[in-house]
Amino acid sequence: MTTLTIIRPDDWHVHLRDGEVLTDTVRDISRYNGRGVVMPNTVPPVTTTELAKQYRERIMAQPHASQFQPLMTLYLTDNTSPEEIRTAKASGIVVACKLYPAGATTNSDSGVTSVKNIYPVLNAMQEEGLLLLVHGEVTTKDVDIFDREKAFLENVLAPVVNDFPKLKIILEHITTVDAVNFVKNAGDNVAATITAHHLLFNRNHMLAGGIRPHFYCLPILKRATHQEALIGAATSGCKKFFLGTDSAPHAKDRKESSCGCAGSYTAHAALELYAEVFDKAGKLESLEAFASFNGPDFYGLPRNQDTVTLVKESWDVPATLPLGSNVIVPIRGGEKVEWKVK
Ligand SMILES: NC(=O)N[C@@H](CC(=O)O)C(=O)O
Ligand SMILES: [Zn+2]
Ligand SMILES: [Zn+2]
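Since the model is a prediction, treat every value here as computed from it, not as a measurement.

Here is what the cut-offs are and how they apply
- Residues numbered from 1 in each chain as written.
- Chains lettered and ligands numbered in written order.
- Predicted model: local features only at pLDDT ≥ 70, side-chain atom pairs only at ≥ 80, totals over all residues.
- Heavy atoms only, no water.
- Pairing = 2+ DSSP bridges.
- Helix = DSSP H or I, 4+ residues; strand = E, 2+ residues; numbered from the N terminus.
- Axes fitted to C-alpha atoms, helices over the stretch in contact; angles between N-to-C directions.
- Contact = heavy atoms within 4.5 Å.
- Donors = N, O, S within 2.8 Å, 3.2 Å for Na, K, Ca; no water.
- Tetrahedral: all angles 85-135°; square planar, octahedral: opposite > 155°, others 65-115°.
- Buried < 20%, exposed > 50% of the residue type's maximum accessible area, 1.4 Å probe, protein only.
- Near = heavy atom within 4 Å.
- Polar contact = N/O pair within 3.5 Å; in protein donor to acceptor, adjacent residues only side chain to side chain.
- Areas by Shrake-Rupley, 256 points an atom, 1.4 Å probe, with all protein chains shown as cover.
- Nonpolar A, V, L, I, M, F, W, Y, C, P; charged D, E, K, R; others polar.

*Asks:* I would appreciate a short explanation of the sheet that holds strand β13 (residues 336–341) in the present structure.
*Replies:* Hydrogen bonds along the backbone pair up the strands of a sheet, which may run parallel or antiparallel. Taken together, three strands build an open sheet; the order of strands is β1-β10-β13 and the sheet is antiparallel. Only two strands of the sheet have a single partner each, and these edge strands are β1 (3–7) and β13. On average, each strand axis in the sheet is inclined to that of its neighbour by 35°, with strand direction left out of account. Strand direction decides the pairing type here: strand β10 (residues 307–316) and β13, joined by five bridges, are antiparallel. Along β13, the bridge assignment pairs tryptophan 315 with valine 337. Here helix α11 (residues 270–280) sits on the sheet in contact with β1, β10 and β13, set at roughly 105° to β13. Against the sheet, helix α12 (residues 287–299) touches β1 and β10, its axis set at about 25° to β1.

Below, the structure written as structure tokens:
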């Protein structure tokens, strides 16, 4: 098969950042996505409905935004109130709240220090029908970085799932077989997003034969057996797994540094990169469910109506792309991608 037409996809986890870079990030996300769940870990973070409204307006003011629908999220802190949850739901623009364990990832310093602190908020979310999106890693210094997702599942997420049986929970950017199994074995209210880079790469790509900072993201790439489990889950057709790129731009010099930032940029070629993975697995027929059906179905939103067409035709990714007045090195920068959106 050399062409593939699917219902228009959405990106259920993306970082657009703010300020001068928005023109570039909004251009890339709106190339073919109908909607995108916009992460709230900006500086300062999007902690209130009012801030989410203003951020949404800045996104919609971009030149390429007209066909794109940003789905906004709130950044949970120890001080988020149940009233804020009701305001967020009533606004109609906020679809979910994001749990960043404090210190777990980029701009998570004002995140939640103990999940017990947000139990009244989780209760309000369960009542109101706002989704909980989770960066699933513990931050305990003595837990090895490669074990932080697994430890989170056991120590933090399992009790929350148990205590809030009606709360819809998405374990974002999963990276391990443990997360795949956790999500499969949980009820229908628990799902997961999977990034293109965690499907394409494992830790050898990042560390063997030289250190490649553009592959450094959180949760960190794991060994190949985990990558294989993720490919299995994504291409299985199971409705619990769907597309969330976690495309997370950081300027080139912030990545190529003695202490580089976590995050990989894939929005310039996301669907194309996923298509490579599904093609290689012999599962192209499952791409549409993963990219275009399972996400809206889980969120309780309508599927997009129109289609996009992919062609198996290789193209060259520029070595760098503009990011405001800086540049980024995108995933596959200076190399080829095998699929192209028409
Ligand atoms: N994934 C990352 O490595 N980085 C993300 C934050 C996140 O999604 O955890 C970012 O905002 O840069
Ligand atoms: Zn994250
Ligand atoms: Zn992210």
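After that view of the structure, there is still more to cover.
*Asks:* How do you make sense of the coordination of the zinc ion (ligand 2) when you look at a structure like this?
*Replies:* Note on metal geometry: ideal angles are 109.5 degrees for four donors arranged tetrahedrally and 90 or 180 degrees for six donors arranged octahedrally. Of the protein atoms, only His135 (ND1) and His173 (NE2) coordinate the zinc ion (ligand 2), at distances of 2.0 to 2.1 Å. Coordination at the zinc ion (ligand 2) comes from four donor atoms whose angles at the metal span 53 to 146°, giving a geometry best classed as irregular. Since its relative accessible area comes to 1%, histidine 135 is described here as buried.

*Asks:* Would you mind going over the site of ligand 1 with me for this structure?
*Replies:* Around ligand 1 sit 15 residues in total, of which Arg17, Asn41, Thr105, Leu218 and Asp246 are the nearest. Contact distances for ligand 1 include 2.8 Å between an oxygen atom and a side-chain N or O atom of asparagine 41. In the environment of ligand 1, an oxygen atom lies 2.8 Å from a nitrogen or oxygen atom belonging to the side chain of histidine 250. Computed on the free molecule, ligand 1 has an accessible area of 310 Å², of which 100% lies beneath the protein chains in the complex. Split by residue class, the shell around ligand 1 holds four nonpolar, nine polar and two charged.

Keep in mind these values describe shape, not function.
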